[in-house]
Amino acid sequence: MVIGIIAGAAFVAVLVLIGLFKLMWRVAEPNEALIISGSKHRTEGLEEGMGFRIVTGRGTLVLPGMQAVRKLSLDLNQTELAVECVTHQGIPLKIRGVVIFKVGDDFVSIANAARRFLDQQKRVSERVHNVFAGHLRSIVGGLTVEDMIRDREKLTGQTRAACGTEMEKLGLIVDSLQIHEIEDPTGYIKNLAMPHAAAVQRDARIAQAEANRLATEAEQQAAARMAEATRDSEILQAGYQAERDKAAATAKQAGPLAEAGARQEVVVQETRVAELEASRREQQLQADVRKPADAKAYEKRTLAEAERDARISAAQAKAEETELAAAAEANATRATGEAEAAARQAKGLAAAEAARAKGLAEAEGIKARAAALAENQEAVIAQQLAEQWPEIVRAGASAFGNVDNMVLLNGADGMGDLFAKALTMGGTGLGLARQLLASMNQNQVPDRGTAAAGGLPVEKVPVDRET
């Protein structure tokens, strides 16, 4: 029983010791640091007499009642930045961003953070926002809008550099600083972007137009290739169809062609037979008709030539006979001519004397007519026309002398019209005679060598005054 009591007391003592150990033993989680205060402790890198001990990632004994243990979180924290700033150009902007930070892993940073935020860990983000907001306003005031738009890394780097010392004093380190948005309530950035937007829009439209052009060209080329392929296919199909049709037509016409060939051979043979028959007939004709006819023609031609030669000989003999007779007759004619010449000379002398007397009489008549013409021209002209009227009518009718056949219309009336036209020609001659006589009346009286009637010259016959 004593053993049981001793065993029970030992078990209770063990339980008490375990309870006390659990009560005194503290373990730091990976994302936290234990801040143990109530005893002096020297930590490497910290000031002597700091008055608290830092434990990370391990366990330690803590004397209850004599030491106090608190935890400092080493987790990441973030704070949203929404800072209203004014640029170097005086343009108000609103910067939106985010800061991701945590307590440093070294004991110095943990000690600095423990001294400042151990009891105010929920307000760390607010304090960090205030630090970054102040430095961000200062940095933005020295920059232009164009600088911030074109180089946000510069803004971020300057902000982190400016806040680094203060964050280090707070025991915090910045893991990331991002500027999400730069708001421009005045529209400066929008207006600044308009030319670039217009240029981009222009380039986009040009690129779209170029793409459309290329697409259209590609479509047209594809359509052309499709049309070309379709054309080639149709041509090939047409060729194949033509070959099929030709083969079908050839097969269909094979029988008629064979029959036509046979008929052609028959016709050729018949033609040869006909040619031989015609040649035989021609030879028969040569022997029966042409050769006898040639013989008869030769006989007639020979007889005609002989008769012609006989006539020529007879004509030559007659010509010689005529020539001899003509020579004799010429001799006789010469003698007769000489006698007749002597007789004509005598007659000429007599005729000359008669002509001289006639000329003198006619001269006297012309003088009388000239005197009458001066007194009564119309009567003289009428008398001369009456004397020469047969000759005038004969001259008018001479126009019909060369007419072999003449067709007269209207019977007797047509004949009367024809004679009237002939007489009209004579009347035309009457007018011409009147004009001639009128002109002669104005000149001197004609000499005896000119006839007054019609103004025609009269042959002058020399008169032998001695006779």
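This structure is a prediction, so every number in the text was calculated from the model and none was measured.

Draft legend 1. Highlighting the overall build of the protein. Looking only at helices and strands, one finds eight helices and eight strands in the protein. A total of 467 residues make up the protein; the buried ones form 19% of that total. In the protein, of all internal contacts separated by at least 6 residues, the share reaching a separation of at least 24 is 69%. Roughly 33400 Å² of accessible area belongs to the protein as shown, and the carbon and sulfur atoms make up 57% of that amount.

Draft legend 2. Region of interest: a nonpolar patch on the surface. On the surface, a nonpolar cluster with roughly 820 Å² of combined accessible area is contributed by Phe 11, Val 12, Val 14, Leu 15, Val 16, Leu 17, Ile 18, Leu 20 and Leu 23. Relative accessible area serves as the criterion here: at 43%, Leu 15 is assigned to the partly exposed category.

Draft legend 3. Looking closely at the packing of helix α3 (residues 124–141) against helix α5 (residues 152–169). Axis separation between α3 and α5 bottoms out at 9 Å; the angle between their running directions is 135°. On the basis of the axis angle, α3 is oblique to α5. For the pair α3 and α5, the sense of crossing is right-handed. Residues Val 128, Val 131, Phe 132, His 135, Leu 136, Ile 139 and Val 140 of α3 form the contact with α5, whose own contacting residues are Leu 155, Gln 158, Thr 159, Ala 162, Cys 163, Glu 166 and Met 167. Along the lines of polarity and charge, the residues of the contact of α3 with α5 split into 10 nonpolar, three polar and one charged.

Draft legend 4. Quick look at the pairing of strand β6 (residues 77–86). Relative to strand β7 (residues 92–103), β6 is paired through 10 bridges, and the arrangement is antiparallel. Along β7, the bridge assignment pairs Glu 84 with Lys 94.

Draft legend 5. Highlighting the environment of Lys 154. Of note, Lys 154 is situated in helix α5. The spatial distance from the C-alpha of Lys 154 to the C-alpha of Leu 143 is 10.0 Å, given a sequence separation of 11 residues.

Draft legend 6. The sheet that holds strand β5 (residues 68–73), seen in detail. Strand order in the open sheet formed by three strands is β3-β2-β5, with antiparallel pairing between adjacent strands. The strands lining the two open edges of the sheet, one partner per strand, are β3 (52–56) and β5. For this sheet the average axis-to-axis angle between neighbouring strands, irrespective of direction, equals 25°. As defined by bridge partners, strand β2 (residues 32–37) adjoins β3 across five bridges and the pair is classed as antiparallel. Paired with Ile 36 across the strands is Arg 53, a residue of β3. Against the sheet, helix α2 (residues 107–117) makes contact with β2, β3 and β5, and its axis sits at roughly 120° relative to β3, the strand it touches most.

Draft legend 7. A look at the pattern of salt bridges. Inspection of every chain in the model, using the stated rule, returns 14 salt bridges. The closest approach of N and O atoms between Arg 280 and Glu 277, which form a salt bridge, is 2.4 Å. Note that Arg 280 and Glu 277 are positioned in helix α6 (residues 188–375) at a spacing of three residues, about one turn of the helix. Taking relative accessible area as the criterion, Glu 277 reaches 29% and is therefore assigned partly exposed. Each member of the salt-bridge network shares a partner with another, and the members are Glu 210, Arg 213 and Glu 217.

Draft legend 8. Quick look at the sheet that holds β6. The three strands are arranged β6-β7-β8 in an open sheet whose pairing can be described as antiparallel. Strands with a single pairing partner mark the edges of an open sheet, and in this sheet they are β6 and β8 (172–183). Across the sheet, the mean angle from the axis of one strand to that of its neighbour is 25°, orientation sign disregarded. Across the sheet, α3 touches β6, β7 and β8, and the angle it forms with β6 is around 35°. Sitting on the sheet, α5 is in contact with β7 and β8, with an inclination near 145° to β8.

Draft legend 9. Structural view of the side chain of Thr 87. Following the sequence through the fold, Thr 87 ends up in the loop between β6 and β7. Judged by relative accessible area, which is 4%, Thr 87 ranks as buried. Leaving out residues up to four positions away in the same chain, Thr 87 has contacts with Leu 93, Val 140, Gly 141, Leu 143, Val 145 and Met 148.

Draft legend 10. Focus on the nonpolar core. Ranked by size, the top nonpolar core spans 41 residues in total, and within it Phe 132 and Leu 172 carry the most contacts. Counting five residues, the second largest nonpolar core, distinct from the first, contains Ala 28, Leu 34, Ile 36 and Val 55.

Draft legend 11. View of the side chain of Asp 184. By secondary structure assignment, the location of Asp 184 is in the loop between β8 and α6. In terms of polar contacts, Asp 184 uses its side chain to reach the backbone amide nitrogen of Ile 189, at 2.4 Å. If sequence neighbours within four positions are ignored, Asp 184 has contacts with Ile 91, Pro 92, Leu 93, Ile 189 and Lys 190.

Draft legend 12. Representation of the environment of Ser 176 in the model. By the element assignment, Ser 176 lies in strand β8. Given the relative accessible area of 19%, Ser 176 is considered buried. The spacing of Ser 176 and Phe 101 is 75 residues in sequence and 7.0 Å in space, taken between C-alpha atoms. Dropping the residues within four chain positions of it, Ser 176 is found in contact with Val 98, Val 99 and Ile 100.

Draft legend 13. Fine view of the confidence of the model for the protein. Here the protein shows a mean pLDDT of 76. Residues at 70 or above account for 74%. Predicted confidence for residues 444–467 stays below pLDDT 50, and this span has 31 contacts to residues more than four positions away or in other chains.

Cut-offs and rules
- Residues numbered from 1 in each chain as written.
- Predicted model: local features only at pLDDT ≥ 70, side-chain atom pairs only at ≥ 80, totals over all residues.
- Heavy atoms only, no water.
- Helix = DSSP H or I, 4+ residues; strand = E, 2+ residues; numbered from the N terminus.
- Buried < 20%, exposed > 50% of the residue type's maximum accessible area, 1.4 Å probe, protein only.
- Contact = heavy atoms within 4.5 Å.
- Areas by Shrake-Rupley, 256 points an atom, 1.4 Å probe, with all protein chains shown as cover.
- Patch = residues over 30% accessible without salt bridge, like charges linked within 9 Å, V, L, I, M, F, W, Y side chains within 5 Å.
- Salt bridge = Lys/Arg side-chain N within 4 Å of Asp/Glu carboxyl O.
- Axes fitted to C-alpha atoms, helices over the stretch in contact; angles between N-to-C directions.
- Parallel < 35°, antiparallel > 145°, perpendicular 65-115°, else oblique.
- Left-handed = near helix turned anticlockwise from the far one by under 90°.
- Nonpolar A, V, L, I, M, F, W, Y, C, P; charged D, E, K, R; others polar.
- Pairing = 2+ DSSP bridges.
- Core = buried A, V, L, I, M, F, W, Y, C linked by side-chain atoms within 4.5 Å.
- Polar contact = N/O pair within 3.5 Å; in protein donor to acceptor, adjacent residues only side chain to side chain.
- pLDDT = per-residue confidence, 0-100.

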